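# Inside the fold
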Amino acid sequence: MTELHGDGPPRLAEWLLRVTVRDTAASDGILGDLMEEHEANREGSGTGTRARLWLWLAILGLSARFLFLPRAEVPHRTSPSAVASRSRSNPIEVFTQSLRHAMRGFKRNLGFTLSVVAVLGLGIGANTTIFGAVDRLLISPPQHVRDADDLRLVHIRSRESTGEMRVSPGISWPGYHDLLAVGGFDDVAAYSRLGLEVTVGEGDAAHKATMAWHSTNFFEVLGVQPAIGRFSSDAEWTGRGVSMPVLSYEYWQRRYGGDPEVLGRSLTLASMGGDLSTHTIIGVAPPGFTGVELAPVDIWFTSISPRTAAEGPLASRRSRTSRAVARLAPGVTDEAASAEATARHLAGYAEEIAQNRYDEDSEVVLVPLVAARGPNPTAEAQVLRWAAGVSFAVLLIACFNVINLLLTRSIARQRETTVRLALGVGRHRLVCERLIESTLFTAMGAGAALLVAWTVGESVHRFLLPDVAFSGLDVGGRLLAFTLLLTLAAGLVTGILPTAMSVRGNIADGLRRGDGASTRPGSKTRTALLVGQAALSVVLLVGAGLFVRSLRAAEQLDLGFDARRVAVVQPEWKREVSASERQEALDRALEGVRRLPGVHSTAPASFIPLLSGARIRPLAIPGSDSLPPYPGGGPWVFRVGSEFFEAMGLAILRGRGFERSDDAEGARPVTVLSQSMARAIWPNAEAVGSCLLVGSSEEGVQCTEVVGVVEDHHLRYLVEDGPHLMYYLNHTHPARDAYSFLGDPSTRFVVGTTGDPRDVLDLIRAETASASPGVGFINVQVLSDRLERQFRSWMLGAALLTGLGLLALVVAGWGLYSVLAFDMALRHRELGVRSALGASTGSLVGLVLRRALVLTAGGVVAGLAASLAAAGLVEPLLFRISAADPATYAIVTITLLFVSVVTGVVPAFRATRVDPNKALQVE
Amino acid sequence: MKKPAYLGEFEHMVTLAVLRLGDDAYGVSIRKELEARVGRKVSRSTAYITLERLARKGYLTPRMADRSETRSGKPRRYFAVTEAGRAALRTSGQALMRLWDGYEQLLEEG
C-alpha cells in the first residue's frame, strides 16, 4: 500500500497525476502546489490524518477531471490539427472517446439504460447462477484436494449373475489389499459411501448427522490440510474402534459455533444397536471439503488402517462395502496402472473364478474424479442439463429483446448518425461506438448478473441439488470467466445487428428524409425477433404447464393409502433395554400417542410402505402347487398391529381388518390379503374364510385364516410395475418367533392423523419419549416426505420452467409493448390523417390491437410447432400426461394472446389521442 | 485577416490575476488572488485546466523555478502573460467595455 512517507508526496498520487495530466512539468507543478497547501493544512489543523485525507481527495478530484478532459483540452504541445488526426488513427483515443460518448448517452437515457441492463442482467444472471452448479458438479475438481488430476477412483467392471455388465465402486477389503500392491499407484485410500447417518449425543441432545468412514491414509492421499487441529495418521493407529473424528467445517460452525476449543472434546455416538461410544475430536476439515465425492459429510471417522488384516468379517471378498481412491505414481499412465491393477484383482479372485463364482473378465476401471460424476445419468445431471437449457433460452429471449430495443433506438438516432457521417466521422468510428455501447450494456448487465448469482445463487443451488454440499457461492475465476465470455458474446450478438443497420445506407438519402422517422428500416428484423421471443416464451410456458400437470398428476395419484395423513415413528433403543421392556414401552407409547388430539389410530408395523418396503416370503395354499407369477412380484409380507389399516387409510373391501382380540393369547392366527393377492389365488372363489399355509415345513406350517381383503397399494415407488401380491399377519402371529424375516415391529409404528401430521409431530415425539425411557433417539416423520425425492424431477421442472417461463413472458410482453409503442410513434402522421378522415376510436384501437395480435399469433404458432417437435424429448420426463397435451397448449395460447392485448392497450390509447392538427403540422 | 482573439470569462479573470501577480504567479497564488478579488471559491481543477489551456493557446508562458526546500522538493510553475495574451486581454476587455457602455448608468438608475 502506498503511504505518505515522511513529507514526500504519495508515489501513487504522483503517478496518477502524471498519467492523467499527461505533461510532466504541469503535473509536477500541480503536485508541488498541492504539497504546499497540504503542508499549510497540516500546520493549521495539527492532525496529519485529516490533512492526508484532504490531499488524497484533492489528487483524486484533479485526476478525475483531467482524465475526462476532451483531448483538445489536454496540455500537449501539439497543434489542434495534429490532435484531430491522432484521434482518428489512435485506437486508444477512439476507444476512450467512444466510451465517453456512450457514458453520456447512458446518462441521457437513464430509463432505457436501466431496462436494457435489467433484461441482460436477468438473462446472464440465470446462466451464471446455473453455471455455478454445473461447475461444482461437472467441471471443478473436488475442493482442497492436491493434484486432483493424479487421483483416480477405482471401480470394478464385471458381469452380474443376470449377464449384465456393471461398473461399481464397491471394493472388498481383500480387494483393497490387492490394490495396495499395485506399483502404478503411489498410495490407495479406502472410504465408505458418503452420507451414512449416525446418531450423535443422547437424550434430548441427540441429533442425526451424516458421516463417512475412511482409512488412516485418506487425508494424506488426497493431500488435504485441516482448517484447525490435525488429521489422523497411520502411526497412531492401534486397532479397530479407534475413530479419531474430524468434523466438517460446516458442522463445526453449525453445532459448535466455530469454537476452536472443540479440539479434544468428546463426541458420543449411538450405533443402530444402541451402543454408545465416545471419541475425541482431533480436527476440522477445510470449508467445503467433501472428500472425492459431492455429498455433504458432517463427521469423518478413521475406522480402519491399510495395515488392518483381511480376516474375520473383513476376509470376505463378496462384501464390497469399501470404495477406493488411488494416486497414480509419477509417469504412470492410466492404461498401465489399470492393467496392473486388473491383473492383481483377478489373481486375488482366482479361487472364486475357479469355482465359477466370479467373472473372469472383470477389470479395474480408473476414473478421474471429475469425469466420475459426468457419464452417469444421475437425476442431478439430468436436472442440470434442463436448467442450463432453460436458462440459455432465457438469455436468448433477453438478447432478442435488447437487439430490438437497440434497433428501435438506432432508428430514432438515424438523423444524428446521418449528420455525423455527413460531417466526416468515419463509419468505423460509429461502428466502434455502437459496439462499445452494446458491450457496456452487457458489462453492466454482467454486474447485475453477478449480483443476481451472489444473492440467489446459493438458494438456487440448494434447491436444484439438495444432495450436494455447497459452501456459499464461490465467485471464483471460472465463474467470472464464464460470465465475461457470456457478456462478450451477448455484447457482440446484441451489438452487431443494430450497428450494421444504423451505419449503412446513403447519407444523402438520410438527410433528405428529414427526421428519419418516416421510414421503418429493420422492421422485418424487429418483427422476426419479436416472433422469436414469443415463440421461445411459448416453448418455456408449454414446458412449465406440462411439468405442473405432471406434478399434480403425481400428487393426486392414488397410492392406496394417504401418505399425507400418516406419521411414522422410529425409536432407536439402547442395547441394555430388553425385548420385554421395549414391548411395554411401545405399548405405552402407542396408547399415549393415540390419545393425542388429531390422532385417530396407531399401530406397530414390521415394514412400512415407501419407508422400508416389505419382504418376499413364499407360502403355500392348500390344494394349489404354487402362486401364479404376478407382474408386481411378491408375495410381500407385513406384520402389523390391529389399527394398521385405519392408520394408513386403507379400505377393507371384504371381511374385516385385524382386531385387538386377534392378538390375545391363544387366539387363532389370522391374515388379511391384498385385493390382487386374493384375486390371484382364488380367482373364482371367496378368499375370506380360506386358509393360507404360512411357514416352512421345519418350523411347522400354520394354517392362517383369511379374515379380510384390503385394497391394493403401492409398496415403494410412485411408479410401479403393477399391483403386488401382499398379505398381512396379525401382530402376535406365531410365525414371528420362527421367522426373523418378519422384522421387529418394536422399531417403528404408524400414526394416522385427521389433519396434517406436522402439527402433532412434536407432541408425538414427546409422548413417545416420556413412554420409553430407554430410547436413544426418536425419528418422527411424515410418510409423504419419503415421496419428496420421487417428486423432485417434476417439482424442479415445474418450478424452473414456471419461474423462467413467466420471466420470459414478462420480457417478451415488454418487448412487444416497446415495438408497438415505437410503431405508433412512427405512424403518428398516418394516425393523424386517419383521425382527420373520421376514423372512429374503435377502429384506431383495433388497428393497434390487430398488430399486437398478429405479431403474437406468429410467435404462438412458431412456439407451438417447436413444442410439438420437442414433445418426443420431453415425454419420458412427464408423468401420465402427453407432451402434446391440448389443454396445456390451449392455456398457453390464451395466456400469450391475453398478454399481447394487455401490452397493446397503452399504445392503442395513445393512438386514439393523436390530435390530427398537430400530427399534420409536424410535417 | 486574422480573427481577433477573445478570452472566456474565467480565462479573462485568470489572465488578469497572472498579470497582477507578476513574478509571483503560480497555481496557489493565482487561486488566492482570484478568491480574494472575486470573492468566490475557485475550483482547483478548473483553475489548473484553464491555466494549461491558456498556456496551450500561447497566452501564458510557464516557467519552472528551481527545486524548492519545501513542497516536497517540487518546484513552482510560474506563469507570465505573453504578448499574445496581453493582446487577447486588450481585445476582450475593450469588447466588454463597449458592451458595458451606457449600462452602468442604466443599472444604477434601475
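What you see is a predicted model; the values in this text were computed from it and never measured.

## A short note on the overall build of chain B
- Across its full length, chain B carries 5 helices and 2 strands.
- Intrachain contacts of chain B at a sequence separation of at least 6 include 49% that bridge at least 24 residues.

## Some points on the overall build of chain A
- Across its full length, chain A holds 28 helices and 24 strands.
- Each of the 923 residues in chain A was classed as buried or not, and the buried ones make up 41%.
- A sequence separation of at least 24 residues applies to 81% of the contacts in chain A between residues at least 6 apart.

## Observations concerning the interface of chain B and chain A
- Each partner contributes to the interface: chain B provides 21 residues, whereas chain A provides 22 residues.
- Of all elements in the fold, only helix H2 (27-38), helix H3 (44-57) and strand E1 (60-64) of chain B reach the threshold of two or more residues within the side of chain B that touches chain A.
- Take the side of chain B that touches chain A: its biggest share by element is 8 residues, from H3(B).
- In terms of residue class, the side of chain B that touches chain A is made up of 8 nonpolar, 5 polar and 8 charged.

## Notes on the sheet that holds strand E24 (residues 775-782) of chain A
All names here are of chain A.
- The antiparallel open sheet is built from 4 strands, whose spatial order is E15-E23-E14-E24. Since the sheet does not close on itself, it has two edges, and those belong to strand E15 (599-604) and E24, each with one partner. Here the average twist between neighbouring strands, direction ignored, is 20°.
- In terms of strand pairing, strand E14 (residues 566-573) meets E24 through 7 bridges, oriented antiparallel. Looking at the pairing, Gln570 lines up with Asn779 of E24.
- On top of the sheet, helix H18 (residues 579-594) reaches E14, E15 and strand E23 (749-753); it is set at about 165° to E15, its chief contact.

## Concerning the nonpolar core
Residue and element names in this part refer to chain A.
- Counting 93 residues, the largest nonpolar core has Ala398, Val402 and Leu540 as the members making the most contacts within it.
- Those elements giving two or more residues to this core turn out to be helix H6 (110-139), helix H12 (379-412), helix H14 (427-464), helix H15 (477-503), helix H17 (523-555), helix H23 (788-826), helix H25 (841-869) and helix H27 (886-912).
- The leading source of residues in this core is H12, at 17 residues.
- Not counting chain neighbours up to four residues away, the residues in contact with Leu540 comprise Val390, Ala393, Leu801, Leu804, Gly805 and Ala808.
- Counting 57 residues, the second largest nonpolar core, distinct from the first, contains Leu586, Leu590, Val640 and Phe645.

Rules used in this analysis
Residues numbered from 1 in each chain as written. Chains lettered and ligands numbered in written order. Predicted model: local features only at pLDDT ≥ 70, side-chain atom pairs only at ≥ 80, totals over all residues. Helix = DSSP H or I, 4+ residues; strand = E, 2+ residues; numbered from the N terminus. Contact = placed C-beta atoms within 7 Å. Buried ≥ 20, exposed ≤ 12 C-beta atoms within 10 Å, placed from the backbone. Nonpolar A, V, L, I, M, F, W, Y, C, P; charged D, E, K, R; others polar. Pairing = 2+ DSSP bridges. Axes fitted to C-alpha atoms, helices over the stretch in contact; angles between N-to-C directions. Core = buried A, V, L, I, M, F, W, Y, C linked by C-beta atoms within 7 Å.

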